[in-house]
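# Commentary on secondary and tertiary structure
Letter by letter, the chains look like this.
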Amino acid sequence: MEILRLEFRKFMKNNKGFAVIFTVLPIIFIISVLTSQVSNQYLEIYKDEYSKILCEYNLSGKVTDKSIQSLEKLKDKCEKAQLDFDNLFYKYQLGEISTSEYQSEISELSKITNLKSIIETTETQFDYAKENPDNRYILYTNGWNLLMSRDCDIVFLMLVLLVVTICFLGDTSSGMKSFILTCNLGRIKFLVVKLTVCETIIGFSYILHTLAYYFYIDKKYGLPNGDFPVQSLQMYSDYTDSASLNSASIKVTIVRFSALLVCTAFVFLCFTVFTSSVGAICVSSSFLLIPIMFYEIDLPFLPQEMCLYQLYDLSFLGSLLINIFLFVTSLVLSILLWKRKSNTI
């Protein structure tokens with residue numbers, strides 16, 4: 001525990017890791033916020049009216065014959081209001097009604113006719129849900145779409161590289177080498193402690209960012225009906241397993257979190273193999289950029305790909321097992337290669 005405490009102190013204080021982490025994290029959060037743009041802007045503008053319609057006509061939730069009939073009544077009401085609007089305008093042109101009468105009546109009709117696009121959006125949702133009514137429900141989806149499709153988690157790979165680099169600063173001194181060589185199982189203990197520091201800092205940073213981003217989406221857009229099936233989102237239309245929006249969000253976060261830990265372990269492995277930090281950074285960066293270099297090839301099993309994991313990529317359990325295997329493999333290789341390098345000192 002003393003070694004762990006000293007490593008945390010060295011990272012946070014001596015190597016200025018505290019200042020670096022709490023400078024980078026706000027930047028990542030700002031990037032996440034700036035890139036969070038809803039696809040259906042019109043629905044966002046009239047979100048209150050949309051919610052009112054769903055509540056007043058009992059359209060939210062599972063599609064039933066009753067909710068379909070309610071939607072048809074709403075469409076008829078909108079069409080009638082549009083017809084009355086046209087007739088009123090025609091009478092006004094003929095001079096049959098005064099300007100004040102026209103403005104008064106048109107104001108009430110406009111409240112209905114302005115909802116035409118919202119009604120069409122709701123009808124589109126119904127058409128989608130009716131294809132599989134047991135798993136596709138009607139709800140406000142903008143918030144959930146943003147939360148589930150967030151792609152800024154990939155930025156954490158750069159933070160991984162930064163954290164591991166800072167963690168290894170100052171470890172080439174002869175005093176540190178002597179310490180590692182003279183302690184009982186010192187090489188292994190020191191290595192495990194150093195990896196623990198890296199994983200803890202990355203894990204804490206990711207959890208903190210995820211909670212902050214979840215809070216932001218919830219407050220700005222809203223995340224209603226978390227118990228509804230995840231297939232209610234069209235991005236999960238082909239997903240066959242059973243999962244609610246809440247559980248799907250948790251599963252996605254867990255897999256991305258575990259993949260981030262694996263990437264940290266691999267970058268750590270590079271730093272145990274290469275005596276030069278520059279060489280370790282170059283190899284690590286190349287590994288992290290593999291999905292970009294081979295973007296035409298589908299490689300969902302790579303941990304850096306899983307940092308953007310979705311449930312339809314691989315099974316949840318399968319993804320976890322892959323990440324556990326890769327993490328253990330990286331740790332074992334780090335220990336073996338670290339010991340070989342140390343034996344040559």
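Here's what I pulled together on the structure shown here. (Residues numbered from 1 in each chain as written. Predicted model: local features only at pLDDT ≥ 70, side-chain atom pairs only at ≥ 80, totals over all residues. Heavy atoms only, no water.)

### Re the pattern of salt bridges
Put simply, the rule is: What makes a salt bridge here is a side-chain nitrogen of Lys or Arg within 4 Å of a carboxyl oxygen of Asp or Glu, nothing more. Here a strand is any run of E in DSSP of at least two residues, a helix any run of H or I of at least four, and the numbering for each starts at the N terminus.
Across all of its chains, the model carries eight salt bridges by this definition. A salt bridge links Glu123 to Lys75; its shortest N-O distance comes to 2.7 Å. Of this pair, Glu123 sits in helix 7 (residues 116-129) while Lys75 sits in helix 5 (residues 65-94), placing them 48 residues apart in sequence. The salt bridge involving Arg150 is made with Asp153; its shortest N-O contact spans 3.4 Å.

### Quick look at helix 4 (residues 47-56)
Our working definition: Only protein chains enter the calculation, and the probe is 1.4 Å; a residue is then buried if its accessible area is under 20% of its type maximum, exposed if over 50%, and partly exposed in between. Here the arc refers to the directions that run from the helix axis out to each C-beta atom.
Burial in helix 4 covers these residues: Lys47, Tyr50, Ile53 and Leu54. Down the axis of helix 4, the buried side of the element spans an arc of 125°, and every buried residue falls inside it. The outward face of helix 4, more than 90 degrees from its buried face, is lined by the exposed residues Asp48, Lys52, Cys55 and Glu56. Immediately downstream of helix 4, the backbone of Asn58 shows phi near 55°, a positive value.

### Details of the packing of helix 8 (residues 142-149) against helix 12 (residues 245-273)
The test is simple: Axes, fitted as lines to C-alpha atoms, cover a helix only where it is in contact. Angles between the N-to-C directions of the axes lie from 0 to 180 degrees. In this scheme, roughly parallel covers angles under 35 degrees and roughly antiparallel covers those over 145, while 65 to 115 is roughly perpendicular and the rest are oblique. Each crossing gets its handedness from the near helix: less than a right angle anticlockwise from the far helix is left-handed, clockwise is right-handed. Contact between two residues is taken to exist if any of their heavy atoms lie within 4.5 Å; hydrogens are not considered.
For the pair helix 8 and helix 12, interaxial distance at closest approach is 10 Å and the crossing angle is 20°. When the axes of helix 8 and helix 12 are compared, the pair comes out roughly parallel. As helix 8 packs across helix 12, the resulting crossing turns out to be left-handed. Between helix 8, through Trp144, Leu147 and Met148, and helix 12, the contact on the second element is made entirely by Leu245, Asn246, Ala248, Ser249, Val252 and Arg256.

### Quick look at unusual backbone geometry
Peptide bonds are trans in most cases, and residues, glycine excluded, mostly fall at negative phi. Although it is not a glycine, Asn58 adopts a positive phi angle of roughly 55°. Mapping Asn58 onto the fold places it in the loop between helix 4 and strand 1 (61-62). We classify Asn58 as exposed; its relative accessible area is 54%. In the Ramachandran plot, Asn225 falls in the positive-phi region, its phi being about 55° despite a non-glycine side chain. Position of Asn225 relative to the elements: it lies in the loop between helix 11 (186-220) and helix 12.

### Here's the deal with a nonpolar patch on the surface
Rules: In this analysis, a patch consists of residues with relative accessible area above 30% that form no salt bridge, clustered at 9 Å for like charges and at 5 Å for the nonpolar side chains Val, Leu, Ile, Met, Phe, Trp and Tyr. For accessible areas, the Shrake-Rupley method is used with a probe of radius 1.4 Å. Any residue's cover is judged against the shown protein chains and nothing else.
Taken together, the side chains of Leu317, Leu321, Ile324, Val328, Val332, Leu333 and Leu336 present a nonpolar region at the surface, about 620 Å² in accessible area. Residue placement: Val332 occurs in helix 16 (residues 316-343). Val332 gets classed as partly exposed once you look at its relative accessible area, which sits at 40%.

### Points about the side chain of Glu44
The cut-off we apply is this: Pairs of N or O atoms within 3.5 Å make up the polar contacts considered here, provided that, within protein, one atom can donate a hydrogen while the other can accept it, and that residues adjacent in sequence are counted only when both atoms are side-chain atoms.
Secondary-structure assignment places Glu44 in helix 3 (residues 41-45). Within the local environment of Glu44, its side chain forms a polar contact with the side chain of Lys47, the two groups lying 3.4 Å apart. Apart from the residues lying within four places of it in its own chain, the contact partners of Glu44 are Val38, Tyr140, Asn142, Lys220 and Tyr221.

Fair warning: the whole summary comes from geometry, so function is off the table for now.
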